Amino acid sequence: MIQKVIIIGCGNVGYHLGKRFHEVGVEVAQVFSRKLEKATRLGLSIDAAYTDSLAAIRTDADLYILAVWDSAIEKVQATLAKQLPETALVVHTSGSCPQTVFTAFQNHGVFYPLQTFSVARSANFEIMPLCVDATQARHIEALEALARRIAPNVYRITDEQRSKLHVAAVFVNNFSNHMATIAHDITEREGLSFDLLRPLMLETALKIQAHEPRKVQTGPAVRKDESTIQRHLDYLQYDRQLQELYTLLTKSIMR
Ligand SMILES: NC(=O)c1ccc[n+]([C@@H]2O[C@H](COP(=O)([O-])OP(=O)(O)OC[C@H]3O[C@@H](n4cnc5c(N)ncnc54)[C@H](OP(=O)(O)O)[C@@H]3O)[C@@H](O)[C@H]2O)c1
């Protein structure tokens, strides 16, 4: 059973996991950030010790959660291995990083919340899927039990499944947010309020909660309305890359 957790990384994910663990009564013994003020802020708010030194990480936790950039996981786990026993249970929170990144620990896994987090926004753990995996069955069970304490929707997802799921998540979140960024730029360019588009974005997201996205696609591409498409491309002449993106997405919808 996992009772005592240490969180490495006080960014978007580390922050929200720390807050949620504390909220449901899971002990967060310590938090780490390279920036002491970030570690202090989170630590004080959840009754956890805090440090900006990996060498000062306590050795008595049941679980070490590495909520750091994907590119930093390998280096951080190697540094941690200098003081933690090889048998310590270590997980990361990445959607795409394989578990082979844990070269210094034999007991490792993944604790991946499939949601978009920002420190500035509250996180709703009641609706987000939490994907867990580990090398050993008993650790999968322990991680599942821990995950269920903070979120009702817990799934065992293998490395291979998670890497594919992450591709889909990039389309659904990162790319759709980027589409909103482009729309924001257009409204700004034309002196219009982005608020005019917010209800449309909300309805788009709500509609696919109950329908298959393909079946509720609207717009000129699905209608094969060539003259409207051409007018849009004419407007986008100021940015060749936007024209190409519009053309590519239009073709993708028509396929
Ligand atoms: N944000 C999301 O929506 C989301 C959702 C699911 C999963 N994830 C995954 O969760 C992990 C963390 O993402 P995030 O959004 O929380 O990132 P983030 O807000 O940028 O925070 C990342 C943390 O990594 C730390 N870090 C970076 N390089 C480091 C290094 N060399 N040594 C030690 N610490 C280092 C940063 O430390 P400092 O504070 O010291 O700068 C920061 O606290 C990533 O694997 C990401 O793929 C993110």
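Computed from a prediction, not measured in an experiment: that's the story for all the values here.

## What to know about the overall build of the chain
(1) Moving on: Within the chain, the secondary structure is distributed over nine helices and eight strands.
(2) Moving on: Principal-axis analysis of the C-alpha atoms gives the chain an extent of 65 × 35 × 30 Å.

## What to know about the sheet that holds strand β8 (residues 154-156)
(1) Moving on: Spatially, β3-β2-β1-β4-β5-β6-β7-β8 is the arrangement adopted by the eight strands of the open sheet, whose pairing is mixed. Strands with a single pairing partner mark the edges of an open sheet, and in this sheet they are β3 (49-51) and β8. For this sheet the average axis-to-axis angle between neighbouring strands, irrespective of direction, equals 25 degrees.
(2) Moving on: With four bridges joining them, strand β1 (residues 4-8) and strand β4 (residues 63-66) adopt parallel strand pairing. By the bridge assignment for β4, Ile8 is matched with Leu66.

## Focus on the pairing of β4
(1) Moving on: Alternating residues of β4 divide into Leu63 and Ile65 and Tyr64 and Leu66, and every residue in both groups is buried.
(2) Moving on: Bridge count between β4 and strand β5 (residues 89-92): three bridges; the pairing is parallel. By the bridge assignment for β5, Ile65 is matched with Val91.
(3) Moving on: Handedness of the β-α-β unit built from β4, helix α3 (residues 70-80) and β5 comes out right-handed.

## Overview of the nonpolar core
(1) Moving on: Counting residues in hydrophobic clusters, the biggest one holds 52 residues, and the most contacted among them are Val5, Ile7, Ile8, Val31, Tyr64, Ile65 and Leu66.
(2) Moving on: Not counting the four nearest positions on each side in its chain, Ile65 is found in contact with Val5, Ile7, Ile8, Leu17, Val91, Thr93 and Phe111.

## Focus: α3
(1) Moving on: Those residues of α3 that sit buried are Ile73, Val76, Gln77 and Leu80. On an axial view of α3, the arc spanned by its buried residues comes to 100 degrees, and they lie on one face.
(2) Moving on: Summarising the contacts, the buried residues of α3 are in contact with β1, β4 and β5.

## A few points about the pairing of β1
(1) Moving on: For β1, a buried count of four out of five residues is recorded, marking the element as mostly surrounded by other parts of the structure.
(2) Moving on: Bridge count between β1 and strand β2 (residues 27-32): five bridges; the pairing is parallel. The residue bridging Val5 from the neighbouring strand is Val28, located in β2.
(3) Moving on: In this fold, the crossover linking β1 to β2 by way of helix α1 (residues 12-24) has right-handed handedness.

## Quick look at the domain arrangement of the chain
(1) Moving on: Along its sequence, the chain is organised into domain 1 (4-157) and domain 2 (163-254).
(2) Moving on: Here the C-alpha centre of domain 2 lies 35 Å away from the C-alpha centre of domain 1.
(3) Moving on: Each side of the interface is counted separately: domain 1 has five residues, and domain 2 has five residues.
(4) Moving on: By residue class, the composition of the side of domain 1 that touches domain 2 is two nonpolar, three polar and no charged.

## A short note on the site of the ligand
(1) Moving on: As a matter of local geometry, the ligand sits amid 25 residues, with Gly11, Arg34, Val68, Ala72 and Ser94 nearest to it.
(2) Moving on: Secondary-structure elements contributing two or more residues to the shell around the ligand are α1, α3 and β6 (107-113).
(3) Moving on: Residues that form the shell around the ligand fall into these classes: ten nonpolar, ten polar and five charged.

Scoring rules and cut-offs
Residues numbered from 1 in each chain as written. Predicted model: local features only at pLDDT ≥ 70, side-chain atom pairs only at ≥ 80, totals over all residues. Helix = DSSP H or I, 4+ residues; strand = E, 2+ residues; numbered from the N terminus. Pairing = 2+ DSSP bridges. Axes fitted to C-alpha atoms, helices over the stretch in contact; angles between N-to-C directions. Buried ≥ 20, exposed ≤ 12 C-beta atoms within 10 Å, placed from the backbone. Right-handed = clockwise from strand over helix to strand, strands pointing away. Core = buried A, V, L, I, M, F, W, Y, C linked by C-beta atoms within 7 Å. Contact = placed C-beta atoms within 7 Å. Arc of directions from axis to C-beta. Domains from an automatic or database assignment. Nonpolar A, V, L, I, M, F, W, Y, C, P; charged D, E, K, R; others polar. Near = placed C-beta within 6 Å.

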